[in-house]
Amino acid sequence: YPSTFSQLVEGLDAIVAMPSGCFEQTSSTTYPNVLALDYLRRTGKSAPEVEAKARQYIHLGYQRLIGFEVDGGGFDWFGNPPANRTLTAYGLMEFEDMARVHDVDPRLIERTRNWLLRQRRGNGSWSNEAGMLDDGLASSVQRGGQPDLASTAYIAWAVFGGGQAAGEAPATRSYLLGFPAQTIDDPYVLALTINGLLAMETPPSDLAGHLDRLESLKRVSEDGKLVWWEQSQGNSTTFYGSGQAGSIETTAMASLALLRANRSAENARAALQWLVEQKDARGTWHSTQATILALKALLAGTDKPVAAEQSRRIEIRLGGETHREVVIPPDQSDVLQMISLSDLLLPGNDYALELIDRSNTAAGFQVAFQY
């Protein structure tokens with residue numbers, strides 16, 4: 001796999017699935033369908049069977065999702081009042097992404113954004129709703145001790161994305177900038193804050209302190225090829241993600257922030273590579289939110305020069321002897337290379353296989369045996 005994006009193609013068919021369940025469960029299949037279809041559209045890939053199935057399921061998912069709208073505006077997991085602000089913001093992002101590949105009623109998007117703006121407090125913030133889905137989820141989940149900061153950043157990311165409602169942004173921008181970067185210890189909340197501010201067209205130069213702080217919190221693998229951000233111990237993400245799924249959400253958020261700010265292409269590429277390596281057996285990322293954010297990050301990477309502009313040279317050795325060298329030009333960095341070694345294998349022999357990346361470009365690989 002010469003690039004992180006070539007690895008997505010193989011998993012697309014596993015991602016495409018029939019929507020069912022509550023709002024978030026329906027989204028857990030519909031939203032990845034949307035992002036998978038958008039990926040095919042952006043990269044010009046051809047996968048007719050995957051595309052046809054994705055379009056059918058997106059249509060069904062859209063019809064289910066609009067049924068969860070609450071009278072008066074907003075969305076709830078089961079369509080019952082009161083509507084949940086954070087879930088509604090998530091729905092707004094989903095419908096806007098869906099509109100790129102499927103017909104979506106523009107009035108739905110407009111009234112959802114307007115409903116969220118009406119829920120905003122006078123200081124430009126949106127209050128945290130911890131515990132609204134399940135009273136067993138303690139409202140004391142602080143998300144780094146700054147619950148309103150996290151909820152405000154997430155909703156702002158949805159409401160003001162793409163330059164929408166720009167005239168309403170100043171109060172929320174001032175609220176988010178009121179939290180100095182050094183006071184935000186949770187990398188998830190910090191990355192979320194950066195994404196919210198960038199959605200309001202805040203110049204990256206004004207966020208240098210936030211971006212510096214975010215990069216200082218990264219983890220790096222021993223070989224220096226992978227970068228990730230771990231969720232702070234005892235904290236949860238906006239949708240209660242924790243553990244491995246929480247770290248995937250955090251790394252995806254951080255990757256999106258770096259990509260949007262055109263900052264540290266090498267760290268962004270290494271983070272996307274880490275995300276790909278976290279895929280589960282189904283080709284997804286362990287939870288709804290982790291899957292969607294990982295796909296969003298990988299999709300954002302298709303528009304950015306995060307891959308090194310050089311040829312990849314992969315040496316293939318069997319039993320200590322070099323038998324093949326795979327050379328991949330930069331203009332083919334998105335193309336999956338399939339190499340058969342069957343002609344080199346003889347019954348009864350033991351072989352040590354080595355794949356050596358001579359160009360140090362962190363290409364991924366998969367080895368499959370048939371016998």
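Here, the structure is the one placed above.
What you are looking at is a predicted structure, and each value in this text was computed from that prediction instead of being measured. (Residues numbered from 1 in each chain as written. Predicted model: local features only at pLDDT ≥ 70, side-chain atom pairs only at ≥ 80, totals over all residues. Heavy atoms only, no water.)

### Focus: the sheet that holds strand 4 (residues 321-328)
Heads up, the rule is: Whether two strands pair depends on DSSP finding at least two bridges between them. A run of DSSP states H or I qualifies as a helix once it reaches four residues; a run of E qualifies as a strand once it reaches two. Both are numbered from the N-terminal end. Fitted lines through C-alpha atoms give the axes, limited to the stretch in contact for helices. The angle between two N-to-C directions lies from 0 to 180 degrees.
Here we have three strands laid out as an open sheet, ordered 4-3-5, and antiparallel in their pairing. What marks the edges here is a single partner per strand, and that holds for strand 4 and strand 5 (353-357). Going from strand to strand, the sheet's axes swing by 20° on average, the running direction of each strand aside. With five bridges connecting them, strand 3 (residues 312-318) and strand 5 associate as antiparallel partners. Looking across to strand 5, one finds that Leu-318 is bridged to Leu-353.

### Some points on the pattern of salt bridges
Threshold: Salt bridges are identified by distance alone: a Lys or Arg side-chain nitrogen within 4 Å of an Asp or Glu carboxyl oxygen. Three labels apply to residues, based on accessible area from a 1.4 Å probe with only protein chains included: buried if under 20% of the type maximum, exposed if over 50%, partly exposed otherwise in between.
In this structure the tally under the stated criterion is 22 salt bridges. Taking the shortest distance from any N to any O, the salt bridge between Arg-100 and Asp-38 comes out at 3.3 Å. With a gap of 62 residues between them, Arg-100 in the loop between helix 4 (85-98) and helix 5 (106-118) and Asp-38 in helix 2 (residues 23-43) connect regions that are remote in the sequence. What makes Arg-100 partly exposed here is its relative accessible area of 39%. Given a relative accessible area of 0%, Asp-38 falls into the buried group. Arg-260 is the partner of Glu-201 in a salt bridge, and the nearest nitrogen-oxygen pair spans 3.8 Å. You can see Glu-201 sitting in the loop between helix 8 (187-199) and helix 9 (208-216) and its partner Arg-260 sitting in helix 10 (residues 243-260), a full 59 residues away along the chain. One network of salt bridges, in which partners are shared, links Asp-38, Arg-41, Asp-97, Arg-100 and Lys-296.

### Quick notes on the nonpolar core
We count it as follows: Only buried Ala, Val, Leu, Ile, Met, Phe, Trp, Tyr and Cys residues count toward a nonpolar core, and they belong to the same one when joined by side-chain atoms within 4.5 Å. Throughout, a contact is declared for two residues whenever any of their heavy atoms are within 4.5 Å.
Ranked by size, the top nonpolar core spans 94 residues in total, and within it Tyr-154 and Trp-157 carry the most contacts. The contacts of Tyr-154, once residues within four sequence positions are left out, are Thr-86, Ala-89, Tyr-90, Met-93, Leu-192, Thr-238, Phe-239, Met-253 and Gln-289.

### Quick notes on the environment of Ala-99
Its place among the elements puts Ala-99 in the loop between helix 4 and helix 5. Sequence separation between Ala-99 and Ile-109 is ten residues; the distance between their C-alpha atoms is 9.5 Å. Not counting chain neighbours up to four residues away, the residues in contact with Ala-99 comprise Val-104 and Ile-109.

### Some details on unusual backbone geometry
A negative phi angle characterises most non-glycine residues, just as the trans form characterises most peptide bonds. A cis amide bond links Pro-81 to the next residue, Pro-82, at an omega of 0°. Topologically, Pro-82 is positioned in the loop between helix 3 (48-65) and helix 4. With a phi angle near 60°, Glu-201 is a residue other than glycine that sits in the positive phi range. Here Asn-262, not a glycine, exhibits a phi torsion of approximately 55°, which is positive. With respect to the helices, strands and loops of the structure, Asn-262 is situated in the loop between helix 10 and helix 11 (265-277).

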